Amino acid sequence: MTLTDLETRVHADLACLDYPAHPWVPARLHDGKTVLDVLIVGAGQGGLATAFALLREKITNILVVDRAARGEEGVWTTFARMITLRTPKHVCGPDLGIGSLTPRAWYEARFGAAAWEGLGKIPRERWQDYLNWYRHVLDLPVRNGTGVVAIEPHGTLLAATLDNGEVLLARKIVLATGIAGSGSWHIPDFIENNLPRERWGHTSETIDFQALAGKRIGVLGAGASAFDNAATALEAGAGRVQLCVRRKLLPRVNPYRWMESAGFLGQFADLPDLMRWRFMRHIFTMNQPPPPDTVARCAAFPQFSAHPGTAWTGARMEGDEIRITTPAGELAFDYVIIGAGFVLDPARRPELSAFAPFIAQWGDRFTPPPGEENATLASYPYLARSFAFTEREPGTAPGLANLHNFTFGATPSMGLSGASISGLKFGVRRLVDAISRDFFLEDAETHYLSLLRYDEHELTAASWPDGGIGEPLSKLATAAE
């Protein structure tokens, strides 16, 4: 089967499933301006899958925007530096249960069934190719080169200001902005304030690794991205790479593999707060180890070393040399790479800054039992079951009910969802069901009036031929009157 054949099959499958077939959300205007039903910020895997799910539910007045150029959305061809995805190749999610849209169907159509059988995990570039094809074959409404710089309440609507000054009005906005979409990447103050900008980089940034050939590189972080960047530097010819980890031992067990069950992925969000807290506290405490293949990339180089129990506590320039302070003494580098996670703080997101003071965190809504506290977990946004932000103080920001957080920040409230391939099929379904429910309930009076006006006759005079049994329908109707 070729890709052309597969696309024909996709369209045939969608035609077979196209019931009910007509849009049902009433159109809205505000001061003569068209109001979007849903604006999705982010055209990565979460944003695209959400758009497709909305269209399947016949919520068609939608738009997806992304500041990146087409094909460069998300992380896969920008700052992701792993060789393959970390999830198993059989993972599905964007397909929403349609076999012809699965990664496997696409991969086999492009490279052949034998290539799929011989595949370990999907290369990250191929995953982006799949997403590009997915967007193309479904003809999703995406506008690239378009960033959102502010979101503010506008009566009962939300107003999104774009980076070109345009303002879009929407009933709902979905933030599908990835791992750091509820805050920002973490850069220690002593790095940012004490080192020249050209002497350090973050794992989320573009780094000229070829320029690091022969250099002494320090990497801060224990996660997969830190190891990925260390490996990339080594493969580019770095003279020495030292990866420093605050923990005394690297995690060994990956709780994310445990979470990949239909029960947990589909139902976690409906647990009471105490159970959600306990699940996530344990998962966060376990942390996620770097993948074995990523560690092996680094270990293959004799100039690589890992240093557990070596937190960085300070930095300064001494001549042309970077000096990093640790509890075990000072380390000297030519360049440092930061892979120390992210900070949960909506005030750091331009699109959320207007709402930031009003957004409830877990610490505002839940007090854990003594001994079960976790400051990091308490800083995550406390979301409604619809992925919507909730108010810290009731009545202070009602617009938050229409602002849906489909980022990694949703994890303690909703489990793996928007920023996770593993949880995508469950998270998208819950998100879109909630949006559909809100729209129908809000417009119930309009739908009721539509029912009262409904007057499409199925049984007409033409349905009863003259002659034959009884009188023509027109005569029977007259007699009845």
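Per chain, residues are indexed from 1 in the order of the written sequence. Per-residue local features of the predicted model are confined to residues with pLDDT of at least 70, and side-chain atom pairs are confined, for both listing and counting, to 80 or more; whole-chain, interface and lining totals are unaffected and use all residues. Computation of side-chain values covers all heavy atoms of the structure but excludes hydrogens and water.

## Quick word on the side chain of T102
Segments assigned H or I by DSSP are reported as helices when at least four residues long, segments assigned E as strands when at least two residues long, and all are numbered from the N terminus. The residue T102 is located in the loop between β4 (62–66) and α3 (103–111) in this model. Each residue is assigned to one of three classes by its accessible area relative to the maximum for its type, calculated with a 1.4 Å probe on protein chains only: buried under 20%, partly exposed between the two thresholds, exposed over 50%. Look at T102 and you get buried, because its relative accessible area is 17%. Polar contacts involving the side chain of T102 include one to the main-chain carbonyl oxygen of G99, which spans 2.8 Å. If sequence neighbours within four positions are ignored, T102 has contacts with D95 and Y130. Any pair of nitrogen or oxygen atoms within 3.5 Å is treated as a polar contact; in protein, a donor-acceptor pairing is required on top of that, and neighbouring residues in sequence qualify only through side-chain atoms on both sides. Two residues form a contact once any of their heavy atoms are found within 4.5 Å.

## Details of the packing of helix α1 (residues 3–16) against helix α5 (residues 124–138)
Here, axes are lines fitted to C-alpha atoms. For helices the fit covers the stretch in contact, and angles between N-to-C directions go from 0 to 180 degrees. α5 packs onto α1 with a crossing angle of 55° between their chain directions and a minimal axis gap of 11 Å. One way to sum up the angle between α1 and α5 is to call them oblique. α1 and α5 meet at a crossing whose hand is right-handed. Contacts from L3, L6, E7, V10, H11 and L14 in α1 reach W133, H136, V137 and L138 in α5. Orientation categories follow fixed angle ranges, with anything under 35 degrees roughly parallel, anything over 145 roughly antiparallel, 65 to 115 roughly perpendicular, and all other angles oblique. Here is the rule for handedness: rotate from the far helix to the near one, and if that takes an anticlockwise turn smaller than a right angle the crossing is left-handed, while a clockwise turn gives right-handed.

## Topic: the state of the cysteines
Cysteine sulfur atoms that come within 2.5 Å of each other are treated as a disulfide pair. In this structure the tally under the stated criterion is zero disulfides. Here C244 stays unpaired: no disulfide links it, and the sulfur of C298, its closest cysteine neighbor, is 13 Å away.

## As for the pairing of strand β6 (residues 148–154)
Any two strands with at least two DSSP bridges between them are considered paired. In this sheet, strand β7 (residues 157–162) lies alongside β6 in antiparallel orientation, the contact comprising six bridges. Counted as the bridge partner of V148 is L162 from β7. Taking the residues that link successive antiparallel strands as the turn, the β6-β7 hairpin has two residues, and the phi of G155 there is positive, at about 65°.

## Observations concerning the pattern of salt bridges
Salt bridges are identified by distance alone: a Lys or Arg side-chain nitrogen within 4 Å of an Asp or Glu carboxyl oxygen. The final tally for this structure, using the stated rule, is 32 salt bridges. With its nearest N and O atoms 3.1 Å apart, the salt bridge here joins R171 to D443. Residue R171 is located in strand β8 (residues 167–175), and its partner D443 is located in the loop between α15 (424–442) and α16 (444–453); the two are separated by 272 residues in the primary sequence. There is no split in this pair, since R171 and D443 are both buried. The salt bridge partner of R316 is E318, with a shortest N-O separation of 2.6 Å. In the salt-bridge network here, residues are joined through shared partners; they are R216, R316, E318, E321, R323, E330 and D334.

## Topic: the nonpolar core
Definition of nonpolar core: a set of buried residues of the types Ala, Val, Leu, Ile, Met, Phe, Trp, Tyr and Cys, connected through side-chain atoms within 4.5 Å. Of all hydrophobic cores here, the largest spans 74 residues; its most connected members are L39, Y134, I173 and L403. Examining the composition of this core, we find that seven residues originate from one element, α5, more than from any other. Formed by 20 residues, the second largest nonpolar core is a distinct cluster that contains I217, A230, L243 and C298.

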